[in-house]
Each structure stands twice: as C-alpha cells, then as structure tokens.
Amino acid sequence: DLADPSGPNLSPEPDGAPDWVVMCAAVTRQGDCARDPETSYRINVTNTLALVRRFHACGSRILFLSSTFVLAGDRPAAPPDAPYAPVGPYGAQKAEAERALLDLGAGVAVCRIGKVAHAAMPPVPEWIAAARTGARAQAFQDYYLAPVSIPFTAEVLARIIARGCEGVLQATSD
C-alpha cells in the first residue's frame, strides 16, 4: 500500500524479480494533491521511489508513468529534455520522482503521458449527451487538454517494453 506511512511492503520474489515493473499507481487528481500534499507526496514520491528502487536493485527494468504536468504546458511539442516547470503540487511531485528515478541510470524509462480519459470521465458524458440532442456543450475556456484513451496508453506502454526503451519518452494525442 503506497499510502502506508511505514512504506510499501512489496519486494521481489525470492526466485527472481520481474523483467519489468510498470509503476502507474499515484494520486493523480490535482485537487487531491493540493488538499492533502503530505499523503499525495508519500504516495507519489516517497513510497513510489522506495518500491521502485527495491525492484531496480534486483535487476528489474522500470517503466514509470509520469505526466505532462511536469512541464509548463505553454508550448506545444516540448522536447523531453525541456526544463522542468511543474504545474501544481501533482506536477512537482511527478517531476521530483522523475529526477530520482532517472538518477538510477540504466533500465529506467519515464513515460510522460497526456490525460488518460474515458467516456465516463466528467465532463465527457455531458458533452456526449449534448451532442446527441444537438444542444450546445460547455467547453473549457482556460484549460488545454490533449486526452489519450486507455487503449492508446496500453499500446504506448507495450511498445516501450517491447523496444526496451530508456530515458524520457512523451506520448499524447495530436
């Protein structure tokens, strides 16, 4: 449990560590990270790093799902080596975790991915309902979003593993 203040209690099996550990557990809601920065930091940074370091030390390769929120988002198609400019506590936590994981060296891939969206995620149901009735949908005026689907995300992660990628990779929709 990454929320456990005593730290995660999961370790590699005695007969060997997995080839890859895909680390996607996190507190991802901006509001949750702002309301309870201590708990979200423990989950997103402290215990994530403790768990990942344990597996990496046993030879597992690491695939860490990060976020485009580690960058300011003020320019399109920012390169992977763009300077960190985190957005909010969540972005700052992901940036800190990225730095620490990349310091582990070989065998670490960081995938910065856009917002993973699905049809039940607000405000998508309202937009779908409006489209079906011909009504006008209320969109964001001050929020830029490049959502990605769950299948897209799974395909990206599978390709990273299949190709044995390392370093920082970025994936979002066009």
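Scroll up a little and you will see the structure.
Residues numbered from 1 in each chain as written. Predicted model: local features only at pLDDT ≥ 70, side-chain atom pairs only at ≥ 80, totals over all residues. Heavy atoms only, no water.

Q: Please explain the overall build of the protein as it appears in this structure.
A: Along the protein, the regular secondary structure elements total five helices and six strands. Ordered by position from the N terminus, the helices and strands of the protein form the series β-α-α-β-α-β-β-α-β-α-β. Its C-alpha atoms give the protein principal-axis dimensions of about 60 × 35 × 30 Å. The buried share among the 174 residues of the protein stands at 34%. Of all intrachain contacts in the protein linking residues separated by at least 6 positions in sequence, the fraction that spans at least 24 positions is 74%. Here the protein has roughly 10200 Å² of accessible surface; of this, 56% comes from carbon and sulfur atoms. The averaged location of the 18 negative side-chain charges in the protein is 5 Å from the averaged location of its 15 positive side-chain charges. (Helix = DSSP H or I, 4+ residues; strand = E, 2+ residues; numbered from the N terminus. Buried < 20%, exposed > 50% of the residue type's maximum accessible area, 1.4 Å probe, protein only. Contact = heavy atoms within 4.5 Å. Areas by Shrake-Rupley, 256 points an atom, 1.4 Å probe, with all protein chains shown as cover. Lys, Arg positive; Asp, Glu negative; His and termini not counted. Charge placed at Lys NZ, Arg CZ, Asp CG, Glu CD.)

Q: Looking at this model, I keep getting lost on the pairing of strand β3 (residues 108–113). Mind explaining?
A: Put simply, side chains in a regular strand alternate between the two faces of the sheet. Here β3 lies mainly inside the structure; six of its six residues are buried. Taken together, the six bridges between strand β2 (residues 61–67) and β3 define a ladder with parallel strand orientation. Paired with Ile 62 across the strands is Val 108, a residue of β3. In this fold, the crossover linking β2 to β3 by way of helix α3 (residues 88–102) has right-handed handedness. Here five bridges tie β3 to strand β6 (residues 167–171), and the two strands are oriented parallel to one another. What sits directly across from Cys 111, in β6, is Leu 169. (Pairing = 2+ DSSP bridges. Right-handed = clockwise from strand over helix to strand, strands pointing away.)

Q: Hey, could you run me through the packing of aromatic side chains in this one?
A: Here the distance between the centres and the angle between the planes together describe a pair of aromatic rings. For the coordinates displayed, the defined rule picks out one aromatic pair. On the numbers, 6.2 Å between centres and 70° between planes, the contact of Phe 69 with Tyr 90 is edge-to-face. Highlighted residues: Phe 69 in the loop between β2 and α3 and Tyr 90 in helix α3, separated in sequence by 21 residues. Lying across the ring of Tyr 84, Arg 99 places its NZ or CZ 4.2 Å from the centre. (Phe/Tyr/Trp six-rings, centres within 6.5 Å; stacked < 30°, edge-to-face > 60°. Lys NZ or Arg CZ within 6 Å of the ring centre and 35° of its normal.)

Q: Before we go on, may I ask you to explain the packing of helix α2 (residues 37–57) against α3 in this structure?
A: Think of two packed helices as two axes; the pair is described by the angle between the axes and how far apart they sit. Where α2 contacts α3, the two axes come as close as 10 Å, and the packing angle between them is 15°. In terms of orientation, α2 lies roughly parallel with respect to α3. Where α2 crosses over α3, the two elements pack in a sense that is right-handed. Here α2 contributes Pro 37, Ser 40, Tyr 41, Asn 44, Val 45, Leu 49, Val 52 and Arg 53 to the contact with α3, which in turn contributes Tyr 90, Gln 93, Glu 96, Ala 97, Ala 100 and Leu 101. Taken together, the residues of the contact of α2 with α3 sort by class into nine nonpolar, three polar and two charged. (Axes fitted to C-alpha atoms, helices over the stretch in contact; angles between N-to-C directions. Parallel < 35°, antiparallel > 145°, perpendicular 65-115°, else oblique. Left-handed = near helix turned anticlockwise from the far one by under 90°. Nonpolar A, V, L, I, M, F, W, Y, C, P; charged D, E, K, R; others polar.)

Q: Sorry, what's going on with the pattern of salt bridges here?
A: Any two side chains of opposite charge can pair if their charged atoms end up close together. Using the criterion set out here, one finds four salt bridges in the structure. Close ionic contact of Arg 35 with Asp 32 constitutes a salt bridge, the shortest N to O distance being 2.8 Å. Within this pair, Arg 35 and its partner Asp 32 are both found in helix α1 (residues 30–35), separated by three residues, close to a single helical turn. Take Arg 35: its relative accessible area is 65%, and that puts it in the exposed class. (Salt bridge = Lys/Arg side-chain N within 4 Å of Asp/Glu carboxyl O.)

Q: How should I be thinking about helix α5 (residues 150–163) in this particular structure?
A: Given 3.6 residues to a turn, an α-helix orients residues that are three or four positions apart in the same direction. Compared with an ideal rise of 1.5 Å per residue, which puts 14 residues at 20 Å, α5 spans 20 Å between its outermost C-alpha atoms and is within 8% of the ideal. Within α5, the full set of buried residues consists of Thr 153, Val 156, Leu 157 and Ile 160. The buried residues of α5 occupy an angular sector of 95° when projected down its axis, which confines them to one face. Projecting away from the buried face of α5 at angles above 90 degrees are the exposed residues Pro 151, Ala 162 and Arg 163. Lining the buried residues of α5 we find β1 (20–23), β2, β3, β4 (116–117), β5 (148–149) and β6. Between the side-chain oxygen of the N-cap and the backbone nitrogen of Phe 152 there are 3.0 Å, and the N-cap of α5 in question is Ser 149. (Expected span 1.5 Å × (residues − 1). Arc of directions from axis to C-beta. Polar contact = N/O pair within 3.5 Å; in protein donor to acceptor, adjacent residues only side chain to side chain.)

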